[in-house]
Amino acid sequence: MTDKKISRRQFLGTLAAGTATVALLPSLTACGGRLKKGEFVGKRLHEAGEELYRKVFAFDKIVRTSCAGNCTQACGWKAFVKGDKYIVANEPAGDYDRFDPILGASYNPRGCLRGASYLKYVNSPVRLKHPLIRVGKRGEGKFRRATWDEAMNLITAGMTDIVRKDGSDAIAFFSPIPAFNYVSAGAGYRLCKLMGAAGPLSFYDWYCDLPPGEPMTWAFQTDECEEADWINARLLIFWGANVAESRMAAAHLLSEARYRGAKVVGIFTDYNATARMVDQFISPKPGTDAALVMGLIKILLDNKWYDEDYIKTFTDLPFLVRSDNKKFLRESDMAANGSPFKLYIWDQKTNQPVLAPGTLGDKRDTLDLKAFNLDPALDFSGKVTLGNGNKVDVRTVFTRLQEEVKIYTPEKVTRITGVGAQTLKNLASDLHSIKPAMIVEGGGANHWFHNDINNRSMILLQALTGNIGVGGGGFNQYTGQYKVWLSGLGNYGMILKARPQNGTLFVWSHYDAQLWRLGKSFPELVSAIEKGAITRLPNGVAVSADPGSGWAYNYYLLIQSLAKKWMPVYPQPPKRPKAMIIWRANFLN
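Model, not experiment: these values are computed from the prediction. (Residues numbered from 1 in each chain as written. Predicted model: local features only at pLDDT ≥ 70, side-chain atom pairs only at ≥ 80, totals over all residues. Heavy atoms only, no water.)

Before going further, it helps to examine the confidence of the model for the protein. Overall, the predicted model of the protein reaches an average pLDDT of 89, with 89% of residues at or above 70. Long-range and interchain partners of residues 15-21, a stretch whose pLDDT sits below 50, account for four contacts in this model, where long-range means more than four residues apart. (pLDDT = per-residue confidence, 0-100. Contact = heavy atoms within 4.5 Å.)

Overall, antiparallel pairing links the three strands, which are arranged β1-β2-β3 in an open sheet. Of all strands in the sheet, those with a lone pairing partner are β1 (61-66) and β3 (86-92), marking the two edges. Pairs of neighbouring strands in the sheet enclose a mean axial angle of 30 degrees, with direction left out of account. One ladder, built from six bridges, connects strand β2 (residues 76-82) with β3; its direction is antiparallel. Bridging from a neighbouring strand, Ala79 pairs with Asn90 of β3. Across the sheet, helix α4 (residues 113-122) is in contact with β2 and β3; its angle to β3 comes to roughly 180 degrees. (Pairing = 2+ DSSP bridges. Helix = DSSP H or I, 4+ residues; strand = E, 2+ residues; numbered from the N terminus. Axes fitted to C-alpha atoms, helices over the stretch in contact; angles between N-to-C directions.)

A separate point is the sheet that holds strand β11 (residues 320-322). Within the open sheet, the three strands sit side by side as β11-β15-β14. Their pairing is antiparallel. Of all strands in the sheet, those bounded by a partner on one side alone are β11 and β14 (381-385). Strand-to-strand twist across the sheet, computed as the mean angle between neighbouring axes with direction ignored, equals 45 degrees. In terms of strand pairing, β11 meets strand β15 (residues 391-396) through three bridges, oriented antiparallel. When the bridges of β15 are listed, Arg322 appears paired with Val394. Across the sheet, helix α14 (residues 397-404) is in contact with β11, β14 and β15; its angle to β15 comes to roughly 70 degrees.

One can describe the packing of helix α20 (residues 522-531) onto helix α21 (residues 551-563) by two numbers: an axis separation of 8 Å at closest approach and a directional angle of 145 degrees. The interaxial crossing formed by α20 with α21 has left-handed handedness. Contacts from Phe522, Pro523, Leu525, Val526, Ile529 and Glu530 in α20 reach Tyr556, Ile559, Gln560, Leu562 and Ala563 in α21. Among the residues making up the contact of α20 with α21, the classes are represented as nine nonpolar, one polar and one charged. (Left-handed = near helix turned anticlockwise from the far one by under 90°. Nonpolar A, V, L, I, M, F, W, Y, C, P; charged D, E, K, R; others polar.)

The final tally for this structure, using the stated rule, is 21 salt bridges. The salt bridge involving Arg144 is made with Glu150; its shortest N-O contact spans 2.4 Å. By relative accessible area, which is 34% here, Arg144 ends up partly exposed. The closest approach of N and O atoms between Arg322 and Asp324, which form a salt bridge, is 2.6 Å. Within the structure, one salt-bridge network assembled from shared partners comprises Arg64, Asp95 and Arg98. (Salt bridge = Lys/Arg side-chain N within 4 Å of Asp/Glu carboxyl O. Buried < 20%, exposed > 50% of the residue type's maximum accessible area, 1.4 Å probe, protein only.)

The next subject is the pairing of strand β13 (residues 352-355). Of the pairings in the sheet, the one linking strand β12 (residues 344-347) to β13 comprises four bridges and is antiparallel in character. The partner of Ile345 across the bridge, within β13, is Val354. Between β12 and β13, which pair antiparallel and follow one another directly, the connecting turn spans four residues, one of which, Asn351, has a positive phi of 55 degrees.

Another point: the environment of Met159. As for its placement among the helices and strands, Met159 is situated in helix α5 (residues 148-166). Accessibility expressed as a relative area gives 12% for Met159, which makes it buried. Separated by twelve residues in the primary sequence, Met159 and Ile171 place their C-alpha atoms 7.6 Å from one another.

Our next topic: the packing of aromatic side chains. Taken as a whole and judged by the stated rule, the model has 23 aromatic pairs. Between Phe174 and Phe587, the aromatic rings sit 4.8 Å apart at their centres with planes inclined by 75 degrees, giving edge-to-face as the arrangement. Of the two residues, Phe174 is situated in strand β6 (residues 171-174) and Phe587 in the segment after β18 (579-582); the sequence distance between them amounts to 413 residues. You'll find Phe174 and Phe587 in the same group, each marked buried. Cation over ring: Arg110 sits above Tyr107, and NZ or CZ is 4.8 Å from the ring centre. (Phe/Tyr/Trp six-rings, centres within 6.5 Å; stacked < 30°, edge-to-face > 60°. Lys NZ or Arg CZ within 6 Å of the ring centre and 35° of its normal.)

A few words now on a nonpolar patch on the surface. A contiguous nonpolar patch, built from Tyr53, Val56 and Phe57 and spanning about 310 Å² of accessible area, is present on the exposed surface. Secondary-structure assignment places Tyr53 in helix α3 (residues 42-56). (Patch = residues over 30% accessible without salt bridge, like charges linked within 9 Å, V, L, I, M, F, W, Y side chains within 5 Å. Areas by Shrake-Rupley, 256 points an atom, 1.4 Å probe, with all protein chains shown as cover.)

On to the nonpolar core. In this structure, Ile237, Trp239 and Ile297 are the most contacted members of the largest nonpolar core, which totals 49 residues. Counting residues per element, this core draws most heavily on helix α11 (residues 289-302), at nine residues. When neighbours within four sequence positions are excluded, Ile297 is seen to be in contact with Leu401, Val405, Ser457, Leu460, Leu461 and Leu464. If you look at the next biggest cluster of nonpolar residues, it comprises 30 residues, including Trp77, Ala241, Val243 and Ala249. (Core = buried A, V, L, I, M, F, W, Y, C linked by side-chain atoms within 4.5 Å.)

A cis geometry characterises the amide bond from Tyr570 onward to Pro571, with omega recorded as -10 degrees. Here Pro571 shows up in the loop between α21 and β18. The phi dihedral of Asn351 is positive, around 55 degrees, even though this residue is not glycine. Note that Asn351 resides in the loop between β12 and β13. At Asn373, a position not held by glycine, the phi torsion is positive, near 55 degrees.

This paragraph deals with α21. Counted at 1.5 Å a residue, the expected span for α21 with its 13 residues is 18 Å, and the 18 Å between its end C-alpha atoms agrees. Just downstream of α21, Lys565 is the residue with a positive phi angle, here 65 degrees. (Expected span 1.5 Å × (residues − 1).)

Before going further, it helps to spend a moment on helix α6 (residues 182-195). A turn of α-helix holds 3.6 residues, and therefore any two residues three or four places apart point the same way. Compared with an ideal rise of 1.5 Å per residue, which puts 14 residues at 20 Å, α6 spans 20 Å between its outermost C-alpha atoms and is within 8% of the ideal. Of all the positions in α6, only Tyr182, Ala185, Gly186, Gly188, Tyr189 and Cys192 are classed as buried. With its buried residues spanning 165 degrees around the axis, α6 presents them on a single face. For α6, the exposed residues set more than 90 degrees away from the buried face come down to Val183 and Leu194. Phi for Gly196, located one or two positions after α6, is positive at around 75 degrees. (Arc of directions from axis to C-beta.)

Written out as structure tokens, the structure reads:
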């Protein structure tokens, strides 16, 4: 092949015939001009390729930025920029040691193939960079290109017309998580506030990936450890968290944890990319996570495989609960002018109810029971005398929990979840004997009705075994960038000064139940339902004020909560939304 002689004309003609080399032609033409008759073309071709790549990837500056994908890791990247905007290449910044003196270079270089290939989307010829206006019927997918001036004029004219006829709250604003683009999010929030529009609509509940059981348990949105802490766990459970695909930049820490001796368990409904990396794969039936956890809790309680000192100190399990109203026994129950926030335990040393230290309003700002010579009973039932002289039965939360989980025998849990009884017992034994243990829960476990039960049961599991608040432990849910807030966003976006509302409730009220079709306000709807004048909602579902009517009664309670303004919905019936401003989002996906 190297001895075959070709002419300059043949050489260039052959190159021009291949579409894959069109971009090389200018360089190759110059190369061909220097080619001598009978000379081997390989070297010249290589030189032309090098010259082309130098031109394609030439850049003017390097910008330190971060990936804007919604995996929420926001990895640091270097962007190689030509001119003012065009990014020709990118690479991981690898500079986390500049910002975190404790972890240092542990996270370096940090990034994934998705982040690296995002540049192809940014520079893609199919990326939409100009306005489109629909010209066909809705749903036909027929659009035409428009200028920015034409599009802006059309939008502002339409919005002005709606405000004049129906009020500003007939326009709703929606945008997802602000953390991956604060400037864009804040601009939309500010416009919503200045217009007096409805919104912004909430987003976490709309795509339902945050764990609502966390704020219910410890009163703040979400908590999780640094991913680097995974390697400190000795038992690492990935519960619906397919990190090998959804958290690629951190997935190597799973392997590092195994390298350090951790046992890794994957609990998934499917055999996915993370499942192939674990030591034990458990596959319950979809939607049965809470039943699986309750079965584990029963085994722990039956075998006394719990951390007694830990749960006495850090949980509400020793607190007393009244049997008559199912509420905590409070100081306000026991004494005149007592606090409704101070709660009681049953002290085994004095054999009487005693105020627990560290509750809200208690001046003993500590949870240290030994400092006050207290030893709370865990399993206790008895009577106490209230401040009014009446006697009432009380039980500890721990006692109530034991009664609650009685039905979750390994055999019954197997029938519900499909997980074998021995597998259940083995996992419970691991949770007892291997410390620290960590649960990493995925958003998929939250895509269920009453999803808070999944979260709260897993948190309880970790609390019973003393694995909350320790290195290598915890219940960790990496959904969102809620730990990152831009200083001044509240003042700039003015979200709370607008009409913020629950996105899911907004959709149910206006687009599912379509309450506006009934022509009544929320209080009028409640009254009509109570009188039996309305028995079905416009979407065909039954509604009733009868507590025994099942879901029909739940819908009544929902409408009643709206009438009492416990949760805001705008606009309020009989008005309905006439337009939605959706930015940075795909509302239906």
